[in-house]
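Now for the letters of each chain:
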Amino acid sequence: MKQQIIKSLQTLFPFLIAVALWRLSVPWINPGGILAIIPIFYCSFIRPVPYFTAFAILLCFLIDYKFNTLLMWTIFYCMFYVVMNLQTFIDLTHTNRDGIFAFMGFVGTVILLLVVSHLSFTNLFSGMTMFSILSIMYIPIITTIQVVQDD
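Now for a description of the structure that goes with this document. Just so you know, these numbers come straight off a predicted model, no measurement behind them.

Looking now at the nonpolar core. Nonpolar side chains in soluble globular proteins generally cluster together in the buried interior. With 46 residues, the main nonpolar core has Ile37, Phe41, Trp73, Phe106, Leu134 and Tyr138 as its most contacted residues. Listing elements by their share of this core, those giving two or more residues are helix 1 (2-23), helix 2 (37-46), helix 3 (52-67), helix 4 (72-86), helix 5 (100-117) and helix 6 (121-149). Apart from residues no more than four positions distant in its own chain, isoleucine 37 is found in contact with Cys60, Ile63, Trp73, Phe103, Phe106 and Val107.

As structure tokens, this is what we get:
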């Protein structure tokens, strides 16, 4: 019985951490719950978790809602998901360093589009800050997911 509960919690952990990161939004560190993109990206592309795709789309929509980006993250996630599943040249499940460079490319592209759409010094600074925080927090969050899932 105890093993079943532990196994269930290990299975549910990516879902729970994504919701927790989305809910813990703070204006400078986690605006709009943007840190939830990390488990969404990791559990969708680097180490796919069963049944996570629909949940990831819902969370991307919630990030867009909280961040006021009008489906930017949702559309980009869906496009990236389609591209990664239709091609066979790039396999993100076998990348080095748990896919940090793929993540930085994914997030960097969206942040660049957001900054360019409303170009100002303030938006440029907030975009650089958001990119830095997401890149720095990627490794601790991914390490936590790996430790809990016991891989």
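The discussion continues.
This paragraph deals with unusual backbone geometry. The phi dihedral of tyrosine 51 falls on the positive side, at around 65 degrees, and the residue is not glycine. Examined against the element boundaries, tyrosine 51 turns out to sit in the loop between helix 2 and helix 3. For tyrosine 51, a relative accessible area of 77% gives the class exposed. One non-glycine residue, arginine 97, adopts positive backbone phi at about 55 degrees. Position of arginine 97 among the secondary structure elements: in the loop between helix 4 and helix 5. According to the relative accessible area criterion, arginine 97 is exposed, its value standing at 57%.

Take leucine 9: it is sitting in helix 1. It is 8.7 Å that separates the C-alpha atoms of leucine 9 and glutamine 149, two residues lying 140 residues apart in sequence.

The next point concerns a nonpolar patch on the surface. A cluster of nonpolar side chains, namely Val26, Trp28, Ile29, Phe121, Leu124, Phe125 and Met128, defines an oily patch on the protein surface of about 790 Å² accessible area. When you line up the elements, leucine 124 lands in helix 6. You can call leucine 124 partly exposed: its relative accessible area is 38%.

What counts and how
- Residues numbered from 1 in each chain as written.
- Predicted model: local features only at pLDDT ≥ 70, side-chain atom pairs only at ≥ 80, totals over all residues.
- Heavy atoms only, no water.
- Core = buried A, V, L, I, M, F, W, Y, C linked by side-chain atoms within 4.5 Å.
- Buried < 20%, exposed > 50% of the residue type's maximum accessible area, 1.4 Å probe, protein only.
- Helix = DSSP H or I, 4+ residues; strand = E, 2+ residues; numbered from the N terminus.
- Contact = heavy atoms within 4.5 Å.
- Patch = residues over 30% accessible without salt bridge, like charges linked within 9 Å, V, L, I, M, F, W, Y side chains within 5 Å.
- Areas by Shrake-Rupley, 256 points an atom, 1.4 Å probe, with all protein chains shown as cover.
- Salt bridge = Lys/Arg side-chain N within 4 Å of Asp/Glu carboxyl O.

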